Amino acid sequence: MPYPAGKNLPSELASKLGHLEVLKSPLVREIVQNFEQPAAEEVIDVKWEPFPPPSSKPLDLVFAVDGSWQAVTGERFPYRKIAFVKTALMKIDQIALSKIDSEQPHPLALRDIMADAAFYHATAFPLRHAYFKGLSVYDAIRQIIFESLKDASLEGEVMKTFKWLVYESWSSSPRSALPDFQCPYGEKDGHLTTLSSDAEKGICTSCGKEIFITDMLGFHLEMAESAASESVATAYMNIHETLLLFTAVRHFWETNREILKHCLFLKDGPLQLRAQYSKLVNPIRKFLLHAYSQGYPISIVGQEKTGVFVDHLNFLLGGNAPAKHFFIPDHEYICHKVLCRPSTGLPYGHDTNYGAKVFVVFDKCCRLVLSIPICAKMDEFVCAPRALQLISFDKILTTLPGMISARHENALVPLEMANSIASLSTYPSAQVLKLFADAHVR
Ligand SMILES: [Zn+2]
């Protein structure tokens, strides 16, 4: 790696001439000349299946969630670093969707739809060289996460959803206590703690210090006392997106369950919560199975826009996948062909995913990598999901073609709209946030 620029001297440039030496090497030349194209069978040896018969009509009501985050560092001492996170939930019905011109959507039409049906949430975390109410970064972030889920602009609904999932309040026998989790004050002895009786916060019975319900997610496991990594912001964004989507699910579950049969819930990214944050995965799986067994299959889809699965689907299309076909990769396929690792150990997604991967080809111009929850027995993990196990698969495949964007490749209009509200990364907002980070140094 070259040396970066300092304040007084410029950066070191990577040597361009160095490439010539590599290409001159006889060993390199011999290796590269012997590279071969992948065999045709490798590209087409995939069990593409035709779409199931379509459902009678598309799902009427669509909810889409997206988020963005940005870390900014002040330009003056003490170079304070703050991460801003924004998430948005969009509601759109088929009538509104049909009015949008997919090639040239009218800005005023979009504005009218969004004015009535968009909710957003924003928060900020001090990552470095910043104090909040006299607390260390470690305790400040824990408190901000707790307060942010209670965001009054969303009337505290996201916290209610979190509790509804983790205490399993939807069940006829809700949990009396949370599963044990590592106390945020237990770094030295690793002591476990819990909360009970639907509590949002309480006192750890081991150390007597105050703990929050949000501590069960384990954000503190990737923070130091005075600094936190950017991954705290991305993890929070992903969890908040998930909870926003389930807030809409909970709303209908509690008020009018029949409506759930007509809803599609769309999430940007896979249906996945990584590492310690996967504590939310089991409660979600349990609820989806319960709803399914009660006759209310919930149609949830995650769409991946980038990453190894998207790259792999593009590779497969070199073999010209047929239109209106899909392929569900199993554990072995994912390990060997997509992730390039041995298939030993726990099955792919065992603890972290609440949806199975599905490659879907609508036509030459639209192919999507989706995650769709599966119905299986409680506590059973399915390594090789089948199409019949994907919840509402026929309804989802009937609904998605009506919302394919003509503006971006492999894009869905509701997710584009949610992204346009949630997006933080566009100029000038990044510059504004930077000024904000400096202006509030005290
Ligand atoms: Zn404790």
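A. Structural context of the coordination of the zinc ion. Around the zinc ion, the donor atoms from the protein are Cys183 (SG), His191 (NE2), Cys204 (SG) and Cys207 (SG), and they sit 2.2 to 2.3 Å away. Coordination geometry of the zinc ion: the four donor atoms subtend angles of 97 to 119° at the metal centre, consistent with an arrangement described as tetrahedral. All donors of the zinc ion belong to a single chain; written as a sequence motif, their spacing is C-x7-H-x12-C-x2-C. With histidine 191 in the loop between strand 5 (181-182) and strand 6 (192-193) and cysteine 204 in the loop between strand 7 (201-203) and strand 8 (210-212), the pair connects residues that are 13 residues apart, well separated along the chain. Both residues of the pair, histidine 191 and cysteine 204, count as buried.

B. Main features of the pairing of strand 13 (residues 366-372). Along strand 13, seven of the seven residues are buried, which leaves the element largely enclosed by surrounding structure. Where burial is concerned, the two faces of strand 13 agree: the one with Cys366, Leu368, Leu370 and Ile372 and the one with Arg367, Val369 and Ser371 are both buried. Relative to strand 13, strand 10 (residues 299-304) runs antiparallel, the two sharing three bridges. By the bridge assignment, glutamate 304 is partnered in strand 13 with valine 369.

C. Inspection of the packing of aromatic side chains at higher detail. What the rule picks out here adds up to 17 aromatic pairs. Ring geometry for phenylalanine 309 versus tyrosine 348: centroids 5.8 Å apart, planes at 45°, classification tilted. With phenylalanine 309 in helix 10 (residues 308-316) and tyrosine 348 in the loop between helix 11 (331-338) and strand 12 (356-363), this pair connects stretches of sequence that are 39 residues apart. Note on accessibility: phenylalanine 309 and tyrosine 348 belong to one class, buried. Ring centres of phenylalanine 326 and phenylalanine 393 lie 4.9 Å apart, and the angle between their planes is 85°; on these two criteria the pair is classed as edge-to-face. Highlighted residues: phenylalanine 326 in strand 11 (residues 325-327) and phenylalanine 393 in helix 12 (residues 393-399), separated in sequence by 67 residues. Phenylalanine 393 shares its class with phenylalanine 326; the two are buried. A cation over a ring is seen here: lysine 86 above tyrosine 120, with NZ or CZ 4.8 Å from the ring centre. Looking at lysine 357, its charged tip hangs above the ring of phenylalanine 309, at a distance of 4.3 Å from the centre.

D. Examining the sheet that holds strand 2 (residues 61-73) more closely. The sheet built from nine strands is open, its strands ordered 1-11-12-13-10-9-2-3-4 with mixed pairing. The sheet is open, and its two edges are formed by strand 1 (49-50) and strand 4 (118-128), each paired on a single side. Pairing of strand 2 with strand 9 (residues 263-268) involves five bridges; the strand directions are parallel. Residue pairing across strands places valine 65 opposite lysine 267, the latter belonging to strand 9.

E. Layout of the environment of valine 65. Along the chain, the position of valine 65 falls in strand 2. For the pair valine 65 and glycine 302, spaced 237 residues apart in sequence, the C-alpha separation works out to 9.7 Å. Those residues within four positions of valine 65 in sequence are excluded, and the remaining contacts are Ala88, Leu89, Glu241, Leu244, Leu245, Leu266, Lys267, Asp268, Leu415 and Ala418.

F. Representation of the pattern of salt bridges in the model. Counted by the stated rule, this structure contains 21 salt bridges. Two residues, glutamate 157 and arginine 250, come together in a salt bridge whose shortest N-O distance is 2.6 Å. Note that glutamate 157 is positioned in helix 7 (residues 157-166) and arginine 250 in helix 8 (residues 231-255), a separation of 93 residues in sequence. Residue lysine 357 pairs with glutamate 304 through a salt bridge whose shortest N-O separation is 2.5 Å. With lysine 357 in strand 12 and glutamate 304 in strand 10, this pair connects stretches of sequence that are 53 residues apart. Across this residue pair, the class does not change: lysine 357 and glutamate 304 are buried. It is possible to trace a salt-bridge network through shared partners that takes in Lys150, Lys163, Asp198 and Glu200.

G. View of the packing of helix 10 against helix 11. Running from N to C, helix 10 and helix 11 cross one another at 85°; their axes reach a closest spacing of 11 Å. It follows from the interaxial angle that helix 10 and helix 11 lie roughly perpendicular. Contact residues: Val308, Phe309, His312 and Leu316 in helix 10; Tyr333, Ile334, Lys337 and Val338 in helix 11. The class makeup of the residues in the contact of helix 10 with helix 11 is six nonpolar, one polar and one charged.

H. Spotlight on unusual backbone geometry. The residue after phenylalanine 77, namely proline 78, is reached through a cis peptide bond having omega 10°. One can find proline 78 in the loop between strand 2 and strand 3 (81-93). Despite not being glycine, glutamate 155 shows a phi value in the positive range, around 55°. When its relative accessible area of 61% is taken as the criterion, glutamate 155 is described as exposed.

I. Seen up close, a nonpolar patch on the surface. A grouping of Leu27, Ile31, Val32 and Phe35 is seen on the molecular surface, where their side chains present a nonpolar patch of about 420 Å² in accessible area. Counting through the fold element by element, leucine 27 comes out in helix 2 (residues 26-33).

J. Region of the structure containing the packing of helix 7 against helix 8. One way to put it is that helix 7 packs onto helix 8 with a least axis distance of 8 Å and a crossing angle of 80°. With respect to each other, helix 7 and helix 8 are oriented roughly perpendicular. Along its contact with helix 7, which presents Glu157, Val158, Lys160, Thr161, Phe162, Trp164 and Leu165, the element helix 8 presents His240, Leu243, Leu244, Phe246, Thr247, Arg250, Trp253 and Glu254.

Conventions and cut-offs
- Residues numbered from 1 in each chain as written.
- Predicted model: local features only at pLDDT ≥ 70, side-chain atom pairs only at ≥ 80, totals over all residues.
- Heavy atoms only, no water.
- Donors = N, O, S within 2.8 Å, 3.2 Å for Na, K, Ca; no water.
- Tetrahedral: all angles 85-135°; square planar, octahedral: opposite > 155°, others 65-115°.
- Helix = DSSP H or I, 4+ residues; strand = E, 2+ residues; numbered from the N terminus.
- Buried < 20%, exposed > 50% of the residue type's maximum accessible area, 1.4 Å probe, protein only.
- Pairing = 2+ DSSP bridges.
- Phe/Tyr/Trp six-rings, centres within 6.5 Å; stacked < 30°, edge-to-face > 60°.
- Lys NZ or Arg CZ within 6 Å of the ring centre and 35° of its normal.
- Contact = heavy atoms within 4.5 Å.
- Salt bridge = Lys/Arg side-chain N within 4 Å of Asp/Glu carboxyl O.
- Axes fitted to C-alpha atoms, helices over the stretch in contact; angles between N-to-C directions.
- Parallel < 35°, antiparallel > 145°, perpendicular 65-115°, else oblique.
- Nonpolar A, V, L, I, M, F, W, Y, C, P; charged D, E, K, R; others polar.
- Patch = residues over 30% accessible without salt bridge, like charges linked within 9 Å, V, L, I, M, F, W, Y side chains within 5 Å.
- Areas by Shrake-Rupley, 256 points an atom, 1.4 Å probe, with all protein chains shown as cover.

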